[in-house]
Amino acid sequence: MTKLFGSSGIRGIVNKDVDPLLATKVGMAVGSLHKSAVIGRDPRTSSEMLNHSLIAGLVATGCDVTDIGVVSTPTLAIAAGDYDCGVMITASHNPAQYGGIKLWNKDGCAFDTTQQNEIERRIAENDFALATWDELGSISSRDDAIESHIKKILESVPKCTLTVVVDCGNGAGSTITPYVLRRMGCTVITLNSQLDGHFPSRNPEPTKENLTMLSQTVVALGADIGIAHDGDADRMMAVERTGRFIPGDELLSHFAIDSNAESIAVPVDTSLLVNKAFGKKVYMTRVGDVYVAEKLKEVGAGFGGEPSGSWIFPQHSLCPDGIYAAAKLVEIVSRLGLSTPGASTVTGVLPPLPTMALQRGKIRLDGAKGNICKTPAQVMDAVGIAVESTEYVDITTIDGIRVDLKDGWFLIRPSGTEPVVRITAESEDVEVTQSIYNLAESVVLGAMK
Ligand code: MG
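Residues numbered from 1 in each chain as written. Predicted model: local features only at pLDDT ≥ 70, side-chain atom pairs only at ≥ 80, totals over all residues. Heavy atoms only, no water.

1. Remarks on the overall build of the protein
If you tally the helices and strands in the protein, you get 14 helices and 21 strands. The C-alpha radius of gyration computed for the protein amounts to 22 Å, which stays within 12% of the reference 22 Å derived for 449 residues, consistent with globular compactness. Across its three principal axes, the protein shows a C-alpha extent of roughly 70 × 60 × 40 Å. Split into buried and exposed, the 449 residues of the protein put 56% on the buried side. Of all intrachain contacts in the protein linking residues separated by at least 6 positions in sequence, the fraction that spans at least 24 positions is 67%. Carbon and sulfur atoms provide 51% of the accessible area of the protein, an area that totals close to 18300 Å². Taking the average location of the 40 positive side-chain charges in the protein and that of its 54 negative ones, the two points are 2 Å from each other. (Helix = DSSP H or I, 4+ residues; strand = E, 2+ residues; numbered from the N terminus. Rg over C-alpha atoms; globule rule 2.2 N^0.38 Å. Buried < 20%, exposed > 50% of the residue type's maximum accessible area, 1.4 Å probe, protein only. Contact = heavy atoms within 4.5 Å. Areas by Shrake-Rupley, 256 points an atom, 1.4 Å probe, with all protein chains shown as cover. Lys, Arg positive; Asp, Glu negative; His and termini not counted. Charge placed at Lys NZ, Arg CZ, Asp CG, Glu CD.)

Quick look at the structure:
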């Protein structure tokens, strides 16, 4: 059976991996299992095409469809509460040539592995509950989903008056974030906030390298903070008034501290900075926001996030909501007060964090000629045997193999998409981290033989 779902739904190059035929089949599979669905899309050039195909598949199986147009993913996930399920057409932070589909439950959680497997099985076996001519689903549209989302956010954040630059990267955040912040009382300056599926301004992934225009604009205009989203605005990253990009581990720590939660959930590759800053129970999950959301639901933790920019506030929604996160961050910074003595920067008003030295790298398993001696799975099996034969006692195998040592930790994880094994190492000291990284690297190189 072909594997369609990755850790963030179905995603691939348009009309190569993800085409109208596949979208129709996904629609028929979803419609065979659900009586009603709400559908939304990001502004990619392919999204409207896939939208029509999905709607056709849903209606063909008797599912009533409500189309809410171009919206952010969290807007769609919240709207899904009024239907049996939600369908979002987006390739998230991937470049413009990608398309994708992500499916949502009523509670704001993405379809879990069991649900994804059932969709894949139905597509593989052509097992669709096609309706007769007089039982086809209906098609309607709604234009109040964004306003409902805005109101839900504004109910839980107070007024504040910071000057904020918002860089939506021409993605779906353009439909909502500037308006939310303005209605909070902020002075909002928009950057790249007109919808454009070519993503002409920057790569949609909100990394430090992709946000130089935002950093420069914040400094040039003397703004208090800069906010950035990926293509569908489930992610949010920020730069402070000096133009410094705030790393995801720092943002995660600040949200965790401010949540007053008794416990939080983060993926297994998150910096120890978060554990030290939060100081209470931290649940570790597989890498991927869907696993963080599932853990939050399972244990009732108060906050969850991924350093890549996905922040989940379960009292608001189990879907990572970059717009709500932007409003929260602006509110926190405003509440703590940029006028605090000595607080000349955003991170100056937020609680001081411990310093950690984290190193990430990867080892390619294909040689110069592209020969792959072992697959990532085979290498990981050998890594597992090697690690178990050592004196290491604190080994975690939630996702890859993580070894916690007395002065730091390392994680060895296979890539799901390329012949690569990733290594993360961390301690409080740069040299110690380097030696831990070297140790992990030697384990992987030994496992490749
Ligand atoms: Mg996204």
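2. Some points on the coordination of the magnesium ion
Protein coordination at the magnesium ion comes from S92 (OG), D230 (OD), D232 (OD) and D234 (OD), with a distance range of 2.0 to 2.2 Å. Here the donor residues of the magnesium ion are spaced in sequence according to S-x137-D-x1-D-x1-D. In this structure D234 comes out as buried when scored by relative accessible area, which is 5%. (Donors = N, O, S within 2.8 Å, 3.2 Å for Na, K, Ca; no water.)

3. So, the domain arrangement of the protein
Structurally, the protein comprises domain 1 (5–143), domain 2 (147–348) and domain 3 (357–447). The centre of domain 1, based on its C-alpha atoms, is set 27 Å off from the matching centre of domain 2. Each partner contributes residues to the interface: domain 1 has 29 residues there, and domain 2 has 37 residues. Interface area, domain 1 with domain 2, both sides summed: about 2300 Å², of which 63% is carbon and sulfur. The tally of links from domain 1 across to domain 2 stands at 2 salt bridges. Between D107 and K297 there is a salt bridge, and its shortest N-O distance comes to 2.9 Å. When residues of the side of domain 1 that touches domain 2 are traced back to their parent elements, those giving at least two are α3 (73–79) and β6 (98–104). Here the side of domain 1 that touches domain 2 gets 5 residues from one element, more than from any other, and that element is α3. (Domains from an automatic or database assignment. Buried area = accessible area lost by both parts, 1.4 Å probe. Salt bridge = Lys/Arg side-chain N within 4 Å of Asp/Glu carboxyl O.)

4. Some thoughts on the sheet that holds strand β5 (residues 85–89)
Taken together, 7 strands build an open sheet; the order of strands is β1-β2-β6-β5-β3-β4-β7 and the sheet is mixed. Unpaired on one side and paired on the other, β1 (5–6) and β7 (139–141) mark the two borders of the sheet. The sheet contact formed by strand β2 (residues 9–13) and β6 spans 4 bridges and is antiparallel. Looking at β6, one finds that I13 is bridged to Y98. (Pairing = 2+ DSSP bridges.)

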